[in-house]
Amino acid sequence: MNQQTTNMVLQSLGWNEYFSNHFAAYAKQGYSAGRIILEHKNMYRLLSEHGELMGEVTGKLRFEATGREDFPAVGDWVVIKPRLEEQKASIHALLPRKSKFSRKVAGDTVEEQIVAANVDTVFLVNALNNDFNIRRMERYLILAWESGAAPVIVLSKADLCDDLDARIAEVESIAIAVPIHVVSASQGEGLDQLAPYLGIGNTISLIGSSGVGKSTLINKLSGVDLQRVNDVRGGDDRGRHTTTHRELVQLPSGALMIDTPGMRELQLWEADEGFRGAFDDVDSIANTCRFNDCKHEQEPGCSVRKAIADGSLEQARFESYLKLQRELAYLARKEDARLAASEKAKWKKISTDMKQRKVKR
């Protein structure tokens, strides 16, 4: 395969100048590039100029990894040495991520879980039925802004909503300058609005809780039943998990889409920029308070309390702002402690390895 054909294949998978520049040194050494489309327990499925291969990380890459974020995730571009006779490849390195949608792993462990990497657009899918939750949307927006990808809100199941205008107004009040599209995938309505995001080589990630219609949406956009669809649970409209793993698929339009399992627990990860993006309206008001260190409680000249009193800022949104701010501060304190312990363990590992090499000599 000549270089021009190789470039066309890679570009159809989302390859661009950013990745090409980071890969240049590896290319001179005879390596190839591949993109992770599916993550197994200890193996990865990837696409490359050589077609689909099963990949495994090298011992060196595994040794140098300090955490889960140093291993490939769906959407990552990786440096590989193909073993074509086995339809396998050794993964030697990860190329720097252009964007990443990540959250804290579930439970008490302070560790990052990368949901999708190198995404151009994040479709934040929220159902308009009884599972509609404006506070959950705020969390999704924080992580979307922090990811580096462009957030787009997709309000699904429009056919099950009795007061569409009111719902849209609620979303507009928290999604400042974010595109909002209303669809009913099961009825095939509103899907044409999503076409501008589905160009060749563009990567879209679908993020949302269980039962919001992500699988129905991806089936409609792909034209085939790529994902099994479950009925929502009776009584509360909450869905059962349909997607059980993250996978990157190519759509007929040439776009690439990453579907993700529904998230029962969405804990924030490092999200300073994302927090500012999601709560720009609250920050703008707070910046006009008389005192720079205003706690927004009883201080004179507090613009936040004034905005709540005159109705230009909802009390519930401000309380959500404070709650998420406290959550991020707590996470930052725990992360500092984890990094210190990780750095200590890293140098201990290096020291032990050097001692073992001296003994062998």
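The shown structure was predicted, so the numbers you read here are calculated from the model rather than taken from an experiment.

**Some remarks on the overall build of the chain**
Counting its secondary structure elements, the chain contains ten helices and 13 strands. For the chain, buried positions account for 49% of its 361 residues. Counted over contacts in the chain with a minimum sequence separation of 6, partners at least 24 positions apart contribute 67%. For the chain, the accessible surface area stands at approximately 18,400 Å², while carbon and sulfur atoms represent 49% of it.

**What to know about the pairing of strand β13 (residues 256-259)**
Residues L256 and I258 line one face of β13 and the alternating positions M257 and D259 line the opposite face, and both faces are buried. Where strand β11 (residues 203-207) meets β13, four bridges bridge the pair, whose relative direction is parallel. Within β13, the residue paired with T203 across the bridge is L256. The turn joining strand β12 (residues 247-250) and β13, which pair antiparallel and follow one another in sequence, is formed by five residues; a positive phi near 100° is taken by G254.

**A look at the pattern of salt bridges**
Under the defined criterion, the tally for this structure stands at eleven salt bridges. Between R83 and E86 there is a salt bridge, and its shortest N-O distance comes to 3.1 Å. According to the relative accessible area criterion, E86 is partly exposed, its value standing at 39%. In this structure, a network of salt bridges that share partners links the residues R135, E138, D281 and R317.

**Structural notes on the pairing of strand β5 (residues 88-94)**
A regular strand carries its side chains on alternate faces of the sheet. Here β5 lies mainly inside the structure; five of its seven residues are buried. Linkage of strand β4 (residues 77-83) to β5, two consecutive antiparallel strands, is achieved through a turn of four residues, within which Q87 is found at a positive phi near 60°.

**Notes on the nonpolar core**
Soluble globular proteins tend to pack their nonpolar side chains together in the buried interior. Within the largest apolar cluster, 43 residues are counted, with the highest numbers of intra-cluster contacts made by W15, W77, L124, I153, L155 and V171. Looking at this core element by element, the count peaks at six residues for helix α4 (residues 134-147). Residue contacts for V171: discarding those within four places in its chain leaves F132, I134, M137, I153, L155 and I180.

**Details of helix α9 (residues 303-310)**
Taken as a whole, α9 has its buried residues at S303, V304, A307 and I308. Looking down the long axis of α9, one finds its buried residues gathered within 140° of arc, a one-sided arrangement. Exposed residues on α9 whose side chains face more than 90 degrees from its buried face are K306 and A309. Looking one or two residues past α9, G311 carries a phi angle of roughly 90°, positive in sign.

The rules behind these values
- Residues numbered from 1 in each chain as written.
- Predicted model: local features only at pLDDT ≥ 70, side-chain atom pairs only at ≥ 80, totals over all residues.
- Heavy atoms only, no water.
- Helix = DSSP H or I, 4+ residues; strand = E, 2+ residues; numbered from the N terminus.
- Buried < 20%, exposed > 50% of the residue type's maximum accessible area, 1.4 Å probe, protein only.
- Contact = heavy atoms within 4.5 Å.
- Areas by Shrake-Rupley, 256 points an atom, 1.4 Å probe, with all protein chains shown as cover.
- Pairing = 2+ DSSP bridges.
- Salt bridge = Lys/Arg side-chain N within 4 Å of Asp/Glu carboxyl O.
- Core = buried A, V, L, I, M, F, W, Y, C linked by side-chain atoms within 4.5 Å.
- Arc of directions from axis to C-beta.

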